[in-house]
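Spelled out from the first residue to the last, the chains are:
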Amino acid sequence: MATTFEVNGRTVEVEVEPRMTLADCLREVLRLTGTHLGCEHGVCGACTVLVDGEAVRSCLILAVQAEGRSVTTIEGLSSDDELTPLQQSFRKHHALQCGFCTPGMITTAHALLSEEPDCDADRVREVLSGNICRCTGYISIVEAVLDARSAYRKGDGKTEGKPG
Amino acid sequence: MKNTFIGAPIERREDLRFVRGRGQYVDDLAPEGLLHAVILRSSVAHGRIRSIDASAARGLAGVHAIITAQDMPGGPPIIPMRLQPLPEFKPFEQPVIAADKVRYVGEPTAVVLADSAAIGEDALEKIALDIEPLAPVTDREGATGSTSLLFEPKGTNLALIFRAERGDAAAAFRDAPYRRRERFKVQRHYGLTMEPRGVLAAWDAAAGILRVFGAAKVPFFNRRILSAQIGLPETAIDMVENDVGGGFGARGEFYPEDFLIPFAARHVGRPVKWIEDRRENLMAMNHAREAEADVEIACTRDGKVLALRGHSYTDMGAYMRTNGAVGSRNIAQFMSGPYRVENIDIDVTLFMTNKTPVGTYRGPGRFETDFFRERLFDMVAKDLGIDRIEFRRRNLVADAEMPYRLATITPFESKDELDSGDYQSTLDRCLAEIGWSEKQNLQGRLIDGRYHGLALGCFIEGGAAGPKETAKVALNEDATFTVSMGSSAVGQGVETVFAQIAADALEVPLERVRDVLHGSTAYVSDGYGAYHSRSIVMGGSALLDAVEKFRAALRTEGARRLGCAEDAVRLGDDRVSGPDGRALALKELAGVAAEGFFLNKKHTWTYGAHAAHVAVDAKTGRVDILDYVAVEDVGRIINPLTLKGQVIGSLVQGLGGAFLEHLVYDEHGQLLTGSLMDYLLPTASDFPNLRSIATDEKPSPINPLGAKGAGEGGMIAAGGVMANAVANALADFAVEPRELPLSPPRVWALINAARAYPGEVATGSATRICAKEKA
């Protein structure tokens, strides 16, 4: 099926089987491999992307369901020159080890902070509890997200849609 | 330039790619002409294969080949053990694919190669796998009591008995004024990694080179296995390490797929990739930890431990895998932990069942024994009327007793000794940090509907397994350096810490250590990899040697070019200078390189104490951690940032083992926890109140860095501390947890059993509890 949607600010048209998930489409068809697959049943959150600004598990929706929507992946939240405030904060707080869950953590945190730049630690924990990390024990991730709030209050955190 | 990168909280260089989603994991590779492999796994725990009919599947468009044991002339190769490769284990080693029998749910029986994984999965459904079921063996009783045998020629389901001996336990028990015997149990769980396993193999027929991507942990060892199995010299095989999404002991051992995928790639002459899905991962990756202990302690009345004896029983699953015996061996060795126990007689029986085979999981055997021992110690201290901290103090090995010999393990006789440590000091620090004395009035108290409890446990963590590690330093044309390591990355940040060590040793800015290459077999002549918390100690020490040899090589080359004697050459200021004032800029000597080694037969021993304050809701069985302090002396600290990450990360894994994680089987050998909805992992909201404190009082005397392995300590004490904290919180109910995990239903059941049979309540009463509730 031909499907057209926007990925990281760019319109793409892909020819996919109806059964193909958005995650597989991003990774295999569009070769955006920053979106990772940790369970393919919607529990681990590693594949989280933004669909029209909302955090969505790309393993739980089909590529054809993205028709007409705007999808942002970790690549769209990154630039070549420097790290975003959220990415810098992850590095500063050592909020990642193997890096596999990190894109999903960052997309989830970005969606949260974009909507709620004043959220407290409990709220961060609640939202991130849908993303599993096996390395860090989460404490540093929560610290990193809290520390990045100021950038979102000023509007600096928003790099959404910027081509990677 | 004297640097102090060692010891500084340097931000990781790895992060620059990971936070942008630019890491490259094995599933991110997609070479031209790639085929995808999917594996048909047995759905029967124990049975005889009658037939595999793949004709319908072969006819499916997009299916290129289906491989079974029939395609392997001479039968499927057997995977040898890497650690403790005793002859007794030989009959229990795993073939790479089932030929006649299947022995666990998840055992590979056929490999489908297709244009996509989806088509491959379609094909799986069309393969008719006919298995004659046999009686499954799913527990110790079945392994010893039933007539069903996993390996008929062997005549038994028992693989081996390890024994730990020291002194004369029988005599010590005969004369002991106090004894207590208890039974404990730790559940099956495992080192689940966020990135499932994966292998991509490509056979370059023209060059005669087999390239295997997705290597991890022990690529050099795995190359030796693959070389023997597939009939290619080691020089014709490149093992390539990509970014690795977590190790924890489980990833990177040689699994069936590590043969099947390279074999498939040669079979079809195209690159083949296999990526495990999560359901497969839960049934195919090494399981761990399932152990029982029936252990007895002898003490004097004033609380000196005289002896430990008893039996442990460990469930190996269906085969002895590469490191399958490590946890059992360690249970024998670490029952005494950091304590002075002069008389020990512990045996550990390894038995086979129709469940997924086991391997190591971070802190193997140590997590289990800390639970057994620390639980027992709290019970004994209570019996003897001695404060639980004082009881531990009286028995901790003293600094003056170092090196302190541990019990000797047989077979595969191994003697080991604790290298250094001031165990009282970390205990003191832990008590001070948690506010132990101030919080004692909370023990067992009911506050706002929850019972409060505090507990403390001590531990040791072994690290730095030998025999060798290799490192190489090379000078680049821009006067930067490339460091190559035989160590492997599993997410722990080796690129950063090795850059710190190299920059200090070379006396250059950190950025001048341009590349830190690791893991793949092409970089250095030999390597041993990442296990037993060995990377920094072994790899870092090898790197120091490499820098020294690199300096010598620089002198040799400088002397040759400058036409002077080597000892007249001076190194410094990015120049190589001769006695006559002539000098070469460093970059003119690009290409100079040297390999260094570190050989070591001893282990390092970090040590410490954990203390926790919990609140237990008696109505639901839920346990909340209000405060948790982990104190560990790790010798010389290389990077406090990554160290803390290791401690908190492993602590949360330990808490997962204490409360949540459980691989459950039914009586037919079916895995009931085949998804992350059933296999519960800690999440961000579960354990927010954890603190770690690292000290560096006792550098290791056995390596030039003074470093000790420190990747596992966070989890070792967690099970015992949590069980004791719950017991103390629920002291009025006389609840004594003897089994993990302490899931809400189990804690609730313990409380209700105590309420239903108040006659068994040793101290306190329901009336007293009600009175307290009112107060």
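On a predicted model such as this, the values are computed, not experimentally measured, just so you know.

A. Molecular detail of the interface of chain A and chain B. The partner chain B presents 43 residues to the 43 residues of chain A that form the contact. Breaking the side of chain A that touches chain B down by element, the ones donating at least two residues are α2 (85-92), α3 (102-115), α4 (121-128) and α5 (139-147) of chain A. Here the side of chain A that touches chain B is composed, by residue class, of 20 nonpolar, 15 polar and eight charged.

B. Expanded view of the nonpolar core. By size, the foremost hydrophobic cluster in this structure holds 293 residues, and its most contacted members are A37(B), V112(B), A502(B), M722(B) and V726(B). With residues near it in sequence (within four places) discarded, V112(B) still touches A37(B), V38(B), L40(B), A57(B), V63(B), I66(B), G120(B), A123(B) and L124(B).

C. Examining the sheet that holds strand β9 (residues 198-204) of chain B more closely. Residues and elements named next belong to chain B. In spatial order, the strands read β3-β5-β1-β12-β9-β10-β11; together these seven strands make up an open sheet with mixed pairing. Looking at which strands have only one partner, the edges of the open sheet turn out to be β3 (63-67) and β11 (237-240). Here the average twist between neighbouring strands, direction ignored, is 20°. Pairing of β9 with strand β10 (residues 209-213), which is carried by five bridges, proceeds in the antiparallel orientation.

D. Layout of the packing of helix α16 (residues 640-659) of chain B against helix α18 (residues 718-729) of chain B. Residues and elements named next belong to chain B. Between α16 and α18, the shortest axis-to-axis distance is 8 Å and the interhelical angle comes to 50°. When the axis of α16 is compared with that of α18, the two are oblique. Viewed along their axes, α16 and α18 form a crossing whose handedness is right-handed. Judged by residue contacts, L651, G654, L655, G657, A658 and F659 of α16 engage A718, G719 and M722 from α18. A breakdown of the residues in the contact of α16 with α18 according to their chemical character gives six nonpolar, three polar and no charged.

E. Examining the confidence of the model for chain B more closely. All names here are of chain B. On average, residues of chain B score 95 in pLDDT, and 98% of them are at 70 or above. Between residues 761-775, whose pLDDT stays under 50, and residues either more than four places distant or in other chains, the model counts 16 contacts. Two numbers describe this predicted complex: its pTM, 0.96, and its ipTM, 0.96.

F. Quick peek at the domain arrangement of chain A. Residue and element names in this part refer to chain A. Partitioning chain A into structural domains gives domain 1 (2-77) and domain 2 (85-153). Placing the centre of domain 1 and that of domain 2 at their C-alpha centroids yields a distance of 21 Å. Across the contact, 16 residues belong to domain 1 and 13 residues belong to domain 2. Breaking the side of domain 1 that touches domain 2 down by element, the ones donating at least two residues are β3 (48-51) and β4 (54-57). Looking at the side of domain 1 that touches domain 2, the element that brings in the most residues is β3, giving three residues. Residue composition of the side of domain 1 that touches domain 2, by class: eight nonpolar, seven polar and one charged.

Reading guide: rules and limits
- Starting afresh in each chain, residues are numbered from 1 along the sequence in its written order.
- Throughout, the order in which chains and ligands are written sets their labels, letters from A for the former and numbers from 1 for the latter.
- Only residues with pLDDT of at least 70 get local features here, since the model is predicted, and only at 80 or more are side-chain atom pairs given and counted; chain-wide, interface and lining totals rely on the full set of residues.
- Here, residues touch in the contact sense if the C-beta positions derived from the backbone fall within 7 Å of one another.
- We count a stretch as a helix when DSSP gives it H or I for four or more residues in a row; a strand needs E for two or more, and each element gets its number in order from the N terminus.
- Residues are sorted three ways: Asp, Glu, Lys and Arg are charged, Ala, Val, Leu, Ile, Met, Phe, Trp, Tyr, Cys and Pro are nonpolar, and all the rest, Gly among them, are polar.
- For this entry, the nonpolar core is defined as buried Ala, Val, Leu, Ile, Met, Phe, Trp, Tyr and Cys residues connected by C-beta atoms within 7 Å.
- Exposure criterion: with C-beta atoms placed from backbone coordinates, a residue whose C-beta has 20 or more other C-beta atoms within 10 Å is buried, one with 12 or fewer is exposed, and one in between is partly exposed.
- Pairing between two strands requires that DSSP report at least two bridges joining them.
- Convention adopted: a line fitted to C-alpha atoms gives each axis, helices being fitted over their contacting stretch, and angles between N-to-C directions are expressed from 0 to 180 degrees.
- Oblique is the label for any angle not covered by the other classes, which are roughly parallel (under 35 degrees), roughly antiparallel (over 145) and roughly perpendicular (65 to 115).
- Each crossing gets its hand from how the near helix is turned against the far one by less than a right angle, where anticlockwise is left-handed and clockwise is right-handed.
- What pLDDT reports is the predictor's confidence in each residue, on a scale of 0 through 100.
- In this document the domain limits rely on a domain assignment from an automatic tool or a database.

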